[in-house]
Amino acid sequence: MKTANDTTSAIPSDFIRNIIAEDLKTNKTRGRVVTRFPPEPNGYLHIGHAKSICLNFGIAAENGGICNLRFDDTNPIKEEVEYVESIKEDVRWLGFDWGDRLFYASDYFEQLYQYAVQLVKSGKAYVCDLSADEIRRYRGTLTEPGKDSPYRSRSVEENLDLFERMRSGEFEDGSRVLRAKIDMASGNLNMRDPVIYRILLAEHHRTGDKWCIYPMYDFAHCLSDSIERITHSICTLEFEDHRPLYDWFLDELNADCHPRQVEFARLNLSYTVTSKRKLAHLVEQGHVTGWDDPRMPTLSGLRRRGYTPESIRKFAERIGVAKKDSIVDIALLEHCIREDLNERATRVMGVLRPLRVVIDNYPEDRMEELEAINNPEDPGMGTRKVPFSRVLYIERDDFREEPPKKFFRLAPGREVRLRYAYFITCLEVVKDQQTGEVVELHCTYDPETRGGWSPDGRKVKATLHWVSAAHSLKAEVRMYDHLFTKTNPSDEKDGADFNAYLNQNSLETLNSCCVEPSLAGAAPASRYQFERLGYFCVDSVDSSDEALVFNRTVTLRDTWAKIEKAQMRRTIADGSS
RNA sequence: UGGGGUGUCGUCAAGUGGUAAGACACAGGAUUUUGGUUCCUGCAUUCGGAGGUUCGAAUCCUCCCACCCCAGCCA
């Protein structure tokens, strides 16, 4: 098995790696480390799964072990091939390779059935005719013990016969189940004679109509782990009180391989949800365009948004692994993608909200090509030519008729630098007579400052990005913001569910953006830094050579925005005091 | 009121009886043809609380408090 290699990172330390190191030291597994990533193919993978994937594949790689990809496909009603394909694609994209270790719980259905028969034979399982509702009532409550099913004392022969007939399709859907015979008075509800097989007259995406009974998770999972000779079965916290059951099955069946289950806290990210159920809901309700909507924390969404696998792996490493319920600040994820893209993204100039600028003293018929650096972090990425002419566009945000304190950018009478081009000075502001909106600026340029340097050493406080009006390309840019307005949308303490906290402004589409001509024919999914704005990638679904569409992956850190916000707060505070 | 877990900086998170790592965030400052990057600096006398053991406690003991998970024929 090969695994993505992050050369810069040391192997992290966490309680799971400590447990494994200890097990290795005490020779619990004869030196083997085998993990598995066991998704149920009932939805798309999200950032929380990435944590688990990095953990399982990472641990295997660090210990010279292997990690299996196993689909936990024991519930045909919810599972689909579309999901297994997407999951494989996402794991591969994240940078992990399961080699020939691709398995399905459904591969083991026959073995699992035989194990169940064995349990029946040893008197540890019985066929129960209670309805789902009756089973629930017999189970008792959190504080009261349950009571035995009237079918609990059926003979082994009768159970064997009934179970076989369940398999052969003799009974109605849901009419009978096979249950483990454990302890109806256990404080752990999972031990109160859990159902291990149910009748489901449903077509399975891999086994077709071969089966009409399907094993439950608790039964299938531990045995699948054992069959694959997993050494450490790593899962999330909610399975902690399933562990006694996990161990019970393996003990009762005398399994020769008894993996150790270890639980860790699942990932929660601020301003989003990491629950397949909730994500599916967003898709179904049309709040997003699909599982791969760039606002989704799914791997396909993050990929389309412009995130790199490296950044997600780095993120998984930085959040650590522990047992505490927590919510990781999404700013950390954003930091990871900025850090990665800062080193590798080609710089380019693009104007999102164009403001027309006419350089009055620049000849009308002239055009010159100025040299621009592709990536100051990596001189090896070279330079490119950017056309300059008399009519340009700059960012509307880069001009203020009445500049506030600390605003360094263009204003009437002020001189600024156009990146890689010239110093320009604003002389005249043209406004719309009706609305008063600034529609055009008239400026002069200093021919002595070509390339952006002044021979007399005079300084300007701002450098602006720009684009030549006649040479620029039109583009659509999609600006994304957090999907939810609340740090923890899943917190229902205020009486509302996560739907109430959907950010209505999570997508803003800009249709009249202008980008420099070097972007012509930009490849789908390619990533760029639009200087001074952020990182953007070519949308892999909607962009074409005729109509460029960019997704904003993440903004650059914006010190001015912070200053402005602070000024705003101060003004409000002064006004109200 | 049953069972299983968890509490260390705003957010993650090391720490395993020898005197509180690191990251993000935040706040200053330096450098800068991106208000980007980079670089410095600051940011837990204290580890949910109270007692106790010890020369010494986030680490051990006792009690208490808070929060999370479990009553699917889901995983």
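Just so it is clear, the structure is predicted and the values come from calculations on it, not from any experiment. (Residues numbered from 1 in each chain as written. Chains lettered and ligands numbered in written order. Predicted model: local features only at pLDDT ≥ 70, side-chain atom pairs only at ≥ 80, totals over all residues. Heavy atoms only, no water.)

Bringing the overall build of chain A into the picture now. Helix and strand content of chain A: 13 helices and 25 strands. By the compact-globule yardstick of 25 Å for 577 residues, chain A is too spread out, its C-alpha radius of gyration being 31 Å. When the backbone C-alpha atoms are referred to their principal axes, chain A occupies close to 100 × 50 × 45 Å. The buried share of chain A, taken over its 577 residues, is 52%. Pairs at least 24 residues apart make up 71% of the contacts formed inside chain A by residues separated by at least 6 positions. For chain A, the separation between the mean place of its 80 positive charges and that of its 93 negative charges on side chains is 4 Å. (Helix = DSSP H or I, 4+ residues; strand = E, 2+ residues; numbered from the N terminus. Rg over C-alpha atoms; globule rule 2.2 N^0.38 Å. Buried < 20%, exposed > 50% of the residue type's maximum accessible area, 1.4 Å probe, protein only. Contact = heavy atoms within 4.5 Å. Lys, Arg positive; Asp, Glu negative; His and termini not counted. Charge placed at Lys NZ, Arg CZ, Asp CG, Glu CD.)

Looking at where Phe550 falls in the secondary structure, it is placed in strand β25 (residues 548-555). It is 9.8 Å that separates the C-alpha atoms of Phe550 and Leu510, two residues lying 40 residues apart in sequence. Apart from the residues within four sequence positions on either side, Phe550 is in contact with Ala475, Glu476, Val477, Arg478, Val515, Leu519, Tyr528, Phe530, Phe536, Cys537, Val538 and Asp539.

Per the domain assignment, the segments making up chain A are domain 1 (15-264), domain 2 (276-346 + 480-562) and domain 3 (350-464). The partner domain 3 presents 26 residues to the 20 residues of domain 2 that form the contact. Taken together, the two surfaces of domain 2 and domain 3 that pack against each other cover about 1800 Å², and 53% of this comes from carbon and sulfur. There are 4 salt bridges connecting domain 2 and domain 3. Residue Asp398 pairs with Arg532 through a salt bridge whose shortest N-O separation is 2.2 Å. Linking domain 2 with domain 3 are 8 residue pairs in polar contact (both at pLDDT 80 or more). Looking at the side of domain 2 that touches domain 3, the element that brings in the most residues is strand β22 (residues 507-515), giving 6 residues. Looking at the side of domain 2 that touches domain 3 residue by residue, the class counts come to 10 nonpolar, 4 polar and 6 charged. (Domains from an automatic or database assignment. Buried area = accessible area lost by both parts, 1.4 Å probe. Salt bridge = Lys/Arg side-chain N within 4 Å of Asp/Glu carboxyl O. Polar contact = N/O pair within 3.5 Å; in protein donor to acceptor, adjacent residues only side chain to side chain. Nonpolar A, V, L, I, M, F, W, Y, C, P; charged D, E, K, R; others polar.)

For the rest of this paragraph, the subject is the pattern of salt bridges. This model, assessed by the stated rule, comprises 53 salt bridges. Residues Arg419 and Glu531 are paired through a salt bridge, measuring 2.0 Å at the closest nitrogen-oxygen approach. Of the two residues, Arg419 is situated in the loop between β16 (415-418) and β17 (423-431) and Glu531 in the loop between β23 (527-530) and β24 (534-538); the sequence distance between them amounts to 112 residues. A relative accessible area of 5% means that Glu531 is categorised as buried. With a closest N to O distance of 3.4 Å, Asp494 and Lys486 form a salt bridge. A relative accessible area of 61% places Asp494 in the exposed class. Look at the salt bridges and you will find they share partners, linking Asp292, Arg304, Glu476, Arg478, Asp539 and Asp542 into a network.

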